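Architecture and fold: a report
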There are 2 protein chains.
Amino acid sequence: MSQDFDLVCPVPISDYSHILLAHGGGGKLTHQLIKNLFLPAFKNEMLEAQHDGAVFNLGNIRLAFTTDSYVVSPLFFPGGDIGHLAVNGTVNDLAMCGARPLYLSAGIILEEGLPMEILCRVVDSMQKAATTAGVKLVTGDTKVVERGKADSMFINTSGIGILEHNLKIAPHQVVPNDVILLNGDIGRHGIAIMATREGLEFESEIESDTAPIADLAMQMIRAGIEIHCMRDLTRGGLASGVVEIAESAGVEIDMDESSIPIREDVQGACEILGFDPIYVANEGRFIAFVKPADAQKALDIMRGHPLGADACRIGVVTKTSKSGRVNMTSKIGATRIVDMISGEQLPRIC
Amino acid sequence: MSQDFDLVCPVPISDYSHILLAHGGGGKLTHQLIKNLFLPAFKNEMLEAQHDGAVFNLGNIRLAFTTDSYVVSPLFFPGGDIGHLAVNGTVNDLAMCGARPLYLSAGIILEEGLPMEILCRVVDSMQKAATTAGVKLVTGDTKVVERGKADSMFINTSGIGILEHNLKIAPHQVVPNDVILLNGDIGRHGIAIMATREGLEFESEIESDTAPIADLAMQMIRAGIEIHCMRDLTRGGLASGVVEIAESAGVEIDMDESSIPIREDVQGACEILGFDPIYVANEGRFIAFVKPADAQKALDIMRGHPLGADACRIGVVTKTSKSGRVNMTSKIGATRIVDMISGEQLPRIC
């Protein structure tokens, strides 16, 4: 077949002749793969927007379309499971595009020998999450691979949502003076997974924050908040989300570490495990870049919603800058530059 | 977590306490999983239509939405590869809904250690297949799992297409006297995979028939052919496709074995391997149920298209019948009842 292969592999072979776990970590190597391989191959505006999904017009409507595969290990963890995650993750990506989620697909890959009860529990969980999020699972596919050729089960969900407003919500809409809001405390999902995987016990059980944030995002949109961009803070955590947007938008951002809510038990667990909470994954947290004049109103809406009770202002876009630099003032007043996650902190977090 | 689990596992535990390869084979066990687990859990009209995708109205347009995961082994085979398959398979499912394919998503699961060159070749192949089929890949996701936790790579593609006509194309639209047309010879994809996997050599290399059939399907629709249902003949082959539709539509079907085109080398390979070609997978073949008065015109359109040169009439819907029975008259005049594939003839064919 090699004679048919005329795409020169654009990723420097010397550095990455093979796929590393970090290529799926949502940080630097994931972005290199996107930038050096996927974008040049499938060159189109929607992919180049580097948003959580594609947004396009069809007939008289504007739609969003997104996909995510879920390979979380273990399948069940405090606060959720792979089924819950597979619905909420895709619902949230649609919401981050400004779309009201409507329909989901599910592509399930099962390992031969998986107990039927596990599949039933996951399907039950998907059904409940879909009902909560107000979406319908309308099409699906099941494949089975031989024992040892997958790890219990993987789920892909893709989603279609409708944009019922005229806002343009995308990284390149972010401009200087935009205020960055966060809907609550960070790091719980990553720590919940890690604790389960490693058999760690903390004084209180830390549960994943997995939740559908579409309803909150739609409330903000319906209230007329001028949102320029939103991003849910999954793989790579808060830091990777902010840096991604700064780089895509070509802006510099200042963040204030002391404003970021982190639960004491999560902070403690991070210290024990050697994690920086701004890199730890969440599944129900997002940031919104809003027009300064709308920031207080947006914050009030967030705080009035069950999924935004601890919402706060965590930073501001200071200027246009190709560097995409993110500066963070620490609790003791020092300033450091925040980078995307590099390497792989916690594989298979979602 | 067990206290949260209140869905009584609806699949009889005695028969299927664990997932078997056959649950992904596209035959009886796949259908039991759909009927006993997925349909009751996600209860909605679109899923219950048991079509190749969901069809729904949004704004002033009618859309189709479909998903498939591709786990084919080996990744490369004569005539195609997993990337080619991942684009064509989903394009074809949209076409079978009567939709012109527009946008695809790609969710790629990679095994740690996969050579970067393999990924590049597959991406290149996806890009070429997308260009040929006239679709854009607009959103994607990449996950990496540890070495030994997946088999090189799995790809999910989901697709959105638009229906530009008023036909209702679905299994329950099939009625007595409908003529069943097939666009060409069957069995090449399955035999190509099997030969590669088992290192078999035949006199001439048998190549997969993988191809995008959307253009041909759209030509038939645009010509005003009254199509009642279409189905591409992948897992489970021609037999499973016909039986599925007969059961969903509640009709009885007569087929004529001698009318089904099978290449001599494919027939020979099937005999050596002990396969019945009507159960062997295809990736560029479909059946269309059309109004009798339109059958000849439809056949002429098929035969005028590069992907339908050997198209033929293979059967007819004889009557309404809850049995969903499919009778096949053999070459020597005997009649047998055709069933869906049971067990797993050839795992990971797509």
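For the structure given in this document, a descriptive report is provided here.

Conventions adopted
Residues numbered from 1 in each chain as written. Chains lettered and ligands numbered in written order. Predicted model: local features only at pLDDT ≥ 70, side-chain atom pairs only at ≥ 80, totals over all residues. Heavy atoms only, no water. Pairing = 2+ DSSP bridges. Helix = DSSP H or I, 4+ residues; strand = E, 2+ residues; numbered from the N terminus. Axes fitted to C-alpha atoms, helices over the stretch in contact; angles between N-to-C directions. Parallel < 35°, antiparallel > 145°, perpendicular 65-115°, else oblique. Left-handed = near helix turned anticlockwise from the far one by under 90°. Contact = heavy atoms within 4.5 Å. Disulfide = S-S within 2.5 Å. Buried < 20%, exposed > 50% of the residue type's maximum accessible area, 1.4 Å probe, protein only. Buried area = accessible area lost by both parts, 1.4 Å probe. Salt bridge = Lys/Arg side-chain N within 4 Å of Asp/Glu carboxyl O. Nonpolar A, V, L, I, M, F, W, Y, C, P; charged D, E, K, R; others polar.

**Re the sheet that holds strand β6 (residues 136-145) of chain A**
Residues and elements named next belong to chain A. Taken in spatial order, the five strands of this open sheet run β1-β2-β7-β5-β6, and their pairing is mixed. Edge strands, defined here as strands with exactly one partner in the open sheet, are β1 (54-58) and β6. When the angles between neighbouring strand axes are averaged without regard to direction, this sheet yields 20 degrees.

**So, the packing of helix α5 (residues 188-198) of chain A against helix α8 (residues 264-273) of chain A**
Residue and element names in this part refer to chain A. Between α5 and α8, the shortest axis-to-axis distance is 10 Å and the interhelical angle comes to 55 degrees. When the axes of α5 and α8 are compared, the pair comes out oblique. You can see that α5 and α8 cross each other, and the crossing is left-handed. For the pair formed by α5 and α8, the contact residues are Arg188, Ile191 and Met194 on the first element and Val266, Ala269, Cys270 and Leu273 on the second.

**Quick look at the state of the cysteines**
Residues and elements named next belong to chain A. If you walk through the whole model with that rule in mind, you get zero disulfides over all chains. Free cysteine Cys270: the closest other cysteine sulfur is in Cys312, separated by 16 Å. Residue classification places Cys270 among the buried positions, given a relative accessible area of 1%. Cys350 forms no disulfide, and the closest cysteine sulfur to it belongs to Cys97, at a distance of 16 Å. For Cys350, a relative accessible area of 6% puts it in the buried group.

**What about the interface of chain B and chain A?**
Frequently, the measure chosen for interface size is the accessible area removed from exposure when the parts meet. Contact residues are listed per partner, giving 91 residues for chain B and 91 residues for chain A. Across the chain B to chain A interface the summed buried area is about 7800 Å²; carbon plus sulfur atoms make up 71%. Viewed at the interface, chain A and chain B are joined by six salt bridges. Two residues, Asp141(A) and Arg235(B), come together in a salt bridge whose shortest N-O distance is 2.9 Å. Looking at the side of chain B that touches chain A, its residues break down into 49 nonpolar, 24 polar and 18 charged.

No statement about biological role is implied by the geometric values presented.
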